[in-house]
There are 2 protein chains.
Amino acid sequence: MANATQFVLPQGFRFGATKAGLKKSGRTDFALIVADAPASAAAAFTANRVTAAPLIIDKQNLRASGSKVRVVAINAGNANCAAGQAGLDAARATCDAAAKLFACTPEEVFPSSTGIIGVPLPAEKLVAALPGLAASLGAQFDHFQQVAQAILTTDLVEKTAYARIAVKGDDGTEREVRIAATGKGSGMIHPQLVPHATMLVYVLTDAAIEPTVLQQYLNASIELSFNRISVDGDTSTNDTVLLLASGASGAVIGAGHADFAAALTQVCTSLARQIVADGEGITHVVELRINGAASDADALKVAKAIAHSPLVKTAWAGGDPNWGRLMAAIGYSGAEVDPDRIDIRFGDLQICSNGGRAAEFDEKAAHDYIAQTEFAVNIELNRGSGSCVFWTTDLTHGYISINADYST
Amino acid sequence: MANATQFVLPQGFRFGATKAGLKKSGRTDFALIVADAPASAAAAFTANRVTAAPLIIDKQNLRASGSKVRVVAINAGNANCAAGQAGLDAARATCDAAAKLFACTPEEVFPSSTGIIGVPLPAEKLVAALPGLAASLGAQFDHFQQVAQAILTTDLVEKTAYARIAVKGDDGTEREVRIAATGKGSGMIHPQLVPHATMLVYVLTDAAIEPTVLQQYLNASIELSFNRISVDGDTSTNDTVLLLASGASGAVIGAGHADFAAALTQVCTSLARQIVADGEGITHVVELRINGAASDADALKVAKAIAHSPLVKTAWAGGDPNWGRLMAAIGYSGAEVDPDRIDIRFGDLQICSNGGRAAEFDEKAAHDYIAQTEFAVNIELNRGSGSCVFWTTDLTHGYISINADYST
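Rules used throughout
Residues numbered from 1 in each chain as written. Chains lettered and ligands numbered in written order. Predicted model: local features only at pLDDT ≥ 70, side-chain atom pairs only at ≥ 80, totals over all residues. Heavy atoms only, no water. Helix = DSSP H or I, 4+ residues; strand = E, 2+ residues; numbered from the N terminus. Salt bridge = Lys/Arg side-chain N within 4 Å of Asp/Glu carboxyl O. Buried < 20%, exposed > 50% of the residue type's maximum accessible area, 1.4 Å probe, protein only. Phe/Tyr/Trp six-rings, centres within 6.5 Å; stacked < 30°, edge-to-face > 60°. Contact = heavy atoms within 4.5 Å. Buried area = accessible area lost by both parts, 1.4 Å probe. Polar contact = N/O pair within 3.5 Å; in protein donor to acceptor, adjacent residues only side chain to side chain. Nonpolar A, V, L, I, M, F, W, Y, C, P; charged D, E, K, R; others polar. Pairing = 2+ DSSP bridges.

Asks: Could you give an account of unusual backbone geometry, naming the residues involved and the relevant values?
Replies: Of note, the phi angle at A82 of chain A is positive, near 60 degrees, even though the residue is not glycine. On the secondary structure map, A82 of chain A appears in the loop between β3 (68-76) and α2 (84-102).

Asks: Tell me about the pattern of salt bridges, and name the residues and values.
Replies: Residues and elements named next belong to chain B. This model, assessed by the stated rule, comprises 26 salt bridges over all chains. A salt bridge links D368 to K364; the shortest N-O distance between them is 2.6 Å. Of this pair, D368 and K364 both sit in helix α10 (residues 363-370), 4 residues apart, which is roughly one turn of the helix. Take D368: its relative accessible area is 37%, and that puts it in the partly exposed class.

Asks: Can you tell me about the packing of aromatic side chains, naming the residues and giving the values?
Replies: Aromatic ring pairs: the centre-centre distance and the angle between the two ring planes describe each pair. Residue and element names in this part refer to chain A. Tallied over the full model, the rule gives 14 aromatic pairs over all chains. Ring centres of W316 and F375 lie 6.0 Å apart, and the angle between their planes is 80 degrees; this geometry places the pair in the edge-to-face category. You can see W316 sitting in helix α8 (residues 310-317) and its partner F375 sitting in strand β15 (residues 374-380), a full 59 residues away along the chain. Residue W316 is classed as buried on the basis of its relative accessible area, which comes to 3%. With relative accessibility at 4%, the residue F375 sits in the buried group. Members of the aromatic cluster, connected to one another through ring pairs, are F15, F141, F144 and Y162.

Asks: Describe in detail the interface of chain A and chain B, supporting the description with residues and values.
Replies: Each partner contributes to the interface: chain A provides 51 residues, whereas chain B provides 50 residues. It is R49, L311 and I400 of chain A that lose the most area in chain A upon contact with chain B, and together they represent 15% of the buried surface on that side. The interface formed by chain A and chain B contains 0 salt bridges. Seen at the junction of chain A and chain B, the total is 11 residue pairs in polar contact (both at pLDDT 80 or more). Of all elements in the fold, only α8, α9 (323-331), β14 (356-357) and α11 (397-403) of chain A reach the threshold of two or more residues within the side of chain A that touches chain B. With 6 residues, the top contributor of residues to the side of chain A that touches chain B is α9 of chain A. When its residues are assigned to classes, the side of chain A that touches chain B shows 22 nonpolar, 20 polar and 9 charged.

Asks: Tell me about the side chain of E287 of chain A, residues and numbers included.
Replies: One can find E287 of chain A in strand β11 (residues 285-293). Apart from residues no more than four positions distant in its own chain, E287 of chain A is found in contact with R273, F375, A376, V377, V389, F390 and W391 of chain A.

Asks: Go over the pairing of strand β3 (residues 68-76) of chain B, please, and point to the residues and values.
Replies: When a strand is regular, its side chains alternate between the sheet's two faces. Residue and element names in this part refer to chain B. Along β3, 8 of the 9 residues are buried, which leaves the element largely enclosed by surrounding structure. Sheet topology places strand β2 (residues 30-46) next to β3; 7 bridges connect them, and they run antiparallel. In the strand pairing of β3, V34 is matched with V71. Here β3 runs beside strand β4 (residues 109-114); their pairing, made up of 6 bridges, is parallel. When the sheet's bridge partners are listed, A73 is paired in β4 with P111.

Asks: Before we move on, could you go through helix α8 (residues 310-317) of chain B and cite the residues and values that matter?
Replies: Residues and elements named next belong to chain B. Extensive coverage of α8 is indicated by the burial of 7 of its 8 residues. Those residues of α8 that sit buried are P310, L311, V312, K313, T314, A315 and W316. Positioned one or two residues after α8, G319 has a phi angle of 65 degrees, which is positive.

What follows is the structure, given as structure tokens:
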């Protein structure tokens, strides 16, 4: 990716972060994204039936505000999930305090939380930090980076993505539309967003787009990005993707704008891959390319079975070209498969042909190939024209270390 | 469990094992169970669409022989899976050689294989070892133990279970019916046997039971035992459960014999729990008791989601009473749940009440409880009367070490 500093941020937004005292590490843990005027909003939330309090409030607020958002208030260090009425009260208290400060309605505030589940969120810490945070907001690149940093939990690196497109306005003049996004997520990563998102993602654009059209763009992009990744197969209670359109560029975008759709998908895919690459304890990023499935849905079943197999993922961790574990996962995926027609390649290396060890299988070459930090596994089912691309990781001692000692 | 040596084995069978040279460790790797006369057989195999060659041959042979088995030939060290025609040929060569040696038809031979997938099975090693092995068979307890040992792969301990019941014969005399079972399995353990089984299990009885009735007993017992365990969520290509009835006790058992059904289920459950307790790298065995589900099927969905969650399993490894991860897994299980009505207890310790942290939650006590080698997690969904009991394990550094370096 090109150097981020050559990009400029979408107009119409200000950013900032501070230390509210939620992270034990003492790092920044409370961030704001504030639109100068109510922005069009589209959102997607986790399919988990246990959903965190902020997601419940977010859905109510979007409905009440007609999908308009002024303030996004994000805390890390506490997921505000499984906390009952106290959780809902905490999320509402944050909305009320932010609404007063920014002279909007509480329904135009979009709260987000990430961190440990089951511990009541101390909203008073957020409310106390709000005035100082509001005074520090800015529209510079550094301010955006502050948000990217504050929302991290077990993530090791900030995740941001950018795009710019030229859009011809009604008056014939060309205007620049910018897209910027940031997100977090490292463990409990297997988004199933509805319309399909422990991942928190915020995508901003300065195009003018109606909320219903904005939602269509978001759904299409999510399906090819965040719904195509898995770190550990655990679908979070807090997954959220929010897309805001400020309209500050002066460019109006309706349905079916191919350039905008492509730019949005590019930004979402970049962020999705960054989330996988920062997966908890991972040492390899694997691109799964499933082809020849009976349907796209079947291709996705195969990809997910492989992405969730501890045996496949530990083999990758060890640089072990044990393709038999891939065959087992394909077999129990639920997809229609004819075992004797399955071909597997690691990159360009033929590993398995017609369901058996390929004549040209070279164990040393295969080991060297998958010892790389990033590699591709190509599965050809020879059943039909269904396909998908999916990104996942290995499963390492690092993942165990991180997760066997989280809340203590 | 009582000391195994106080039991005696079912009559009508002989046992033995030898070194055919398949295990790199040089340990015994080829075992025989031979019925004195063709025994009634019932079997269950993996639901994985990629199935090993011996399973394909077994199904053909059972059909051809009218569910009669003389010889069970089991090798460890090679799964004979994903090996195409060569795999089928290898399994058949073993059957042919055993049939000649024991003067039966090749269709009365039941081959089984476990070990690495995708490497052609050197049947010539088995065929060469057969005469010596046949000469060494015996009906003593030590001979049965030889089988239990030879079939192990990454297992650390032998697994056997026994039961005896008194059955009143047609002539009014009481006869003793014995059941003995042995099995192996440590990784790739998430049996989905059809009628639902990397697990190889051999259950033997000296009752006289027709094959169709025998199959009904087996199906019922499997549903409550082997289909209620998971180590890593990977469903194997080789899972097999075989039940043989020699009739040598002289006791005839028809359908609906409650004592026999109970004894069989007890033996299967004991073996299933032993397989979990010997799971790859595990340090804790967890009994999940799901109650109050909308249906038994829903209860099983919840149990499986928990049993497959890397986040829940790593928390257990660390003795971390992070019940929020349990809530997340319950939420994405696909079961009908009302998050605000979920109660969770670790043993008798109340952890979560009405979907939130219980007032009496004592983190230290909870930690101490789950630091035990075996513990119970009770989930009450308060939705209906569906329930299940399920056994699973934690996920540790040991599992990663074992599986990141298997075939190399």
